[in-house]
Amino acid sequence: MRARCIGLILPALLLASEWPQFRGPNSSGVSDETKLPLEFGPDRNVVWKTALPPGNSSPSVAGDKIFLTAVEQNKLFTIALQRSTGRILWRRESPRPRIQVIERPANGPVSATPATDGQNVYAFFADFGLLAYGPDGNELWRIPLGPFSNPFGHGASPILAGDTLLMNCDQDTGSFLLAVDKKSGRVLWRTERPHAQRGYATPVLYQPPGGGVQVLVAGSYRLSGYDLRTGKEVWWVRGLPWQVKPTPVVAGDAVYFATFSAESDPGQQEVVPSFEEALAKWDVNKDGKLSKEEIPDPRAKSRFEEYLDLDRTGFLEERDWRQFQERRQGESSVRAYRLGGQGDITESHFLWKNPRSLPNVPSPLFYRGVLYTLKEGGILTSFDIKTGAIVKQARLPGALGDYFASPIAADGYLYATSDEGKIALIKAGAQWELLRVNDMKDGCKATPAIVDGKIYVRTFGALYCFAKKE
């Protein structure tokens, strides 16, 4: 059977037969595999288990190989395993010219999932950049990138669109979307994203009827659609909060996305005076910028270094202030928009939004006509895709911890993996039903992969292959 991207037909761009990137084809998290194991764990329905160094990246599966990244003794590795046995075929060390200090322990230096075309593999490390390897682990090319100004580390993963490799690099200053020729490593285009600050969402693809393929990126304050061929921003949606982690999902001609950021709940928005007005009020020494001492707001003073002074100059310049204005207007919510159009489609293509049940990290899931979100505490919510109304919201008993992995679906079931390694099996549907919780006996931040009737689960210490035994 084949994994597929629901509602998106890009035969020339996506490997519909595999799970070639983060969360499968087009990051949908959906497979049409059947006869999967319902009960599994370290001692149940195991085909093989391979010990691995730590890493938060998810497995990519294509051809006869599985690819992951890992960190061991401060060294960064891309690893290829044999799909049938789990045997490690090769591991290649990445250069690491710097070691970023990550302020939140939930993240790490190897969170980006590699992308593969079934032969070659493409990996990203925030402490180096992009690397491409051939079937035998031979290096094809490398592109140093960074250093990056993202205090919480990196989260987005590279994706393939035909012969083009795409990598989104959002950070507090200098954000950009990069397109590279997968064969040569030649940069095709680089589009700056000056509005974007720290962000973690992976790009997804959309094929408009009669038009060129578009690259959708959710980031600070806006969701943007870029032309795959040129990198030009074709359309955008305003009003997102400043720090976006979940990846959007495309279904038919609609896009669904969830955003959450502190101080961005409905009703918390405020109109911030213009930079010129702020200077007139508070720029005591008339140097055209604001120091921490010149700002009278105690709340702003307390967050000056972490949230306001984006370029770490010790002052708020015009860009810092304009970003602060947009941040105070951003609103957290689950949203749906009709795709198509050009320019600002915030109002013209709006379908609905709902401010409840917002995940911090896990991406939403669209499966068999129902939209789902999964948030901390094991709260699973189903939405009516026509109205955005919540149909069912409840906790998952036995799997109530934090969640970093995104939910996936196959054969009428949802799989939700908690940070503690509890994988909830849920009967899909608007009135979904928890069936059981499988305990991996180890933590898990990676999103599982489903291919060829098998489930691949990466825990903190190993990669498992599970299959239903005849």
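Our subject is the structure listed above.
Notes on the structure follow. All values derive from a computational prediction rather than experimental measurement.

Analysis parameters
- Residues numbered from 1 in each chain as written.
- Predicted model: local features only at pLDDT ≥ 70, side-chain atom pairs only at ≥ 80, totals over all residues.
- Heavy atoms only, no water.
- Salt bridge = Lys/Arg side-chain N within 4 Å of Asp/Glu carboxyl O.
- Core = buried A, V, L, I, M, F, W, Y, C linked by side-chain atoms within 4.5 Å.
- Buried < 20%, exposed > 50% of the residue type's maximum accessible area, 1.4 Å probe, protein only.
- Helix = DSSP H or I, 4+ residues; strand = E, 2+ residues; numbered from the N terminus.
- Contact = heavy atoms within 4.5 Å.
- Pairing = 2+ DSSP bridges.
- Axes fitted to C-alpha atoms, helices over the stretch in contact; angles between N-to-C directions.
- Phe/Tyr/Trp six-rings, centres within 6.5 Å; stacked < 30°, edge-to-face > 60°.
- Parallel < 35°, antiparallel > 145°, perpendicular 65-115°, else oblique.
- Left-handed = near helix turned anticlockwise from the far one by under 90°.

### Observations regarding the pattern of salt bridges
Thought 1: What the rule picks out here adds up to 20 salt bridges.
Thought 2: Salt-bridge contacts for Glu39 lead to Arg44; the nearest nitrogen and oxygen are separated by 3.7 Å.
Thought 3: Several salt bridges share partner residues, and in doing so they unite Asp117, Asp163, Lys182 and Lys183 into one network.

### Digging into the nonpolar core
Thought 1: Residues Ile66, Tyr415, Ile450, Ile455, Tyr456 and Leu463 are the most contacted members of the largest nonpolar core, which totals 31 residues.
Thought 2: The leading source of residues in this core is strand E35 (residues 462-467), at five residues.
Thought 3: Contact partners of Ile66, with chain neighbours within four places excluded, come to Trp48, Pro59, Ser60, Val61, Ile79, Ala80, Leu81, Arg83, Tyr456 and Leu463.
Thought 4: Formed by 19 residues, the second largest nonpolar core is a distinct cluster that contains Ala112, Ala132, Trp141 and Met167.

### Structural notes on the sheet that holds strand E33 (residues 449-451)
Thought 1: Taken in spatial order, the four strands make up an open sheet running E1-E35-E34-E33, and their pairing is antiparallel. Both edges of this open sheet fall to strand E1 (46-51) and E33, since each of them pairs with a single strand only. Ignoring strand direction, the axes of neighbouring strands in this sheet form an average angle of 15°.
Thought 2: Pairing geometry for strand E34 (residues 454-458) and E35, over five bridges, is antiparallel. Across the sheet, the residue bridging to Val457 is Tyr464, located in E35.

### Re the sheet that holds strand E19 (residues 254-259)
Thought 1: Pairing is antiparallel across the open sheet formed by four strands, whose spatial order is E18-E19-E22-E24. At either end of the open sheet lies a strand with only one pairing partner, and these are strand E18 (249-251) and strand E24 (350-354). Averaged over all pairs of adjacent strands, the angle between their axes in this sheet comes to 15°, without regard to strand direction.

### Comments concerning the environment of Ala106
Thought 1: Looking at where Ala106 falls in the secondary structure, it is placed in the loop between strand E5 (88-94) and strand E6 (115-116).
Thought 2: Considered as a pair, Ala106 and Phe124 are 18 residues apart in the sequence and their alpha carbons are 19 Å apart.
Thought 3: Those residues in contact with Ala106, other than ones at most four positions away along the chain, are Asn56, Phe404 and Lys445.

### A closer look at the packing of aromatic side chains
Thought 1: Applying the stated criterion across every chain yields a total of 15 aromatic pairs.
Thought 2: Between the aromatic rings of Tyr337 and Phe350, the centroid separation amounts to 5.6 Å while the plane-to-plane angle is 75°, which identifies the pairing as edge-to-face. With Tyr337 in strand E22 (residues 333-338) and Phe350 in strand E24, this residue pair connects regions lying 13 residues apart in the sequence.
Thought 3: Judged by its relative accessible area of 3%, Tyr337 falls in the buried class.
Thought 4: Phe350 gets classed as partly exposed once you look at its relative accessible area, which sits at 37%.
Thought 5: Judged by centre distance (6.2 Å) and plane angle (15°), the rings of Trp352 and Phe383 are stacked. On the criterion of sequence distance, the pair formed by Trp352 in strand E24 and Phe383 in strand E27 (residues 379-384) is long-range, its members being 31 residues apart. Across this residue pair, the class does not change: Trp352 and Phe383 are buried.

### Here's the deal with the packing of helix H1 (residues 275-282) against helix H4 (residues 318-327)
Thought 1: Direction vectors running N to C along H1 and H4 enclose 110°, while the axes themselves pass 10 Å from each other. The angle between H1 and H4 places the two elements in the roughly perpendicular class. Here H1 runs over H4; the crossing is right-handed. On H4, the residues that touch Phe275, Glu276, Ala278 and Trp282 of H1 are Glu318, Trp321 and Arg322.

### A word on the side chain of Arg96
Thought 1: Relative to the assigned elements, Arg96 resides in the loop between E5 and E6.
Thought 2: Residue contacts for Arg96: discarding those within four places in its chain leaves Val71, Asn74, Lys75, Leu76, Pro109 and Asp127.

That is the geometry; function is a separate question.
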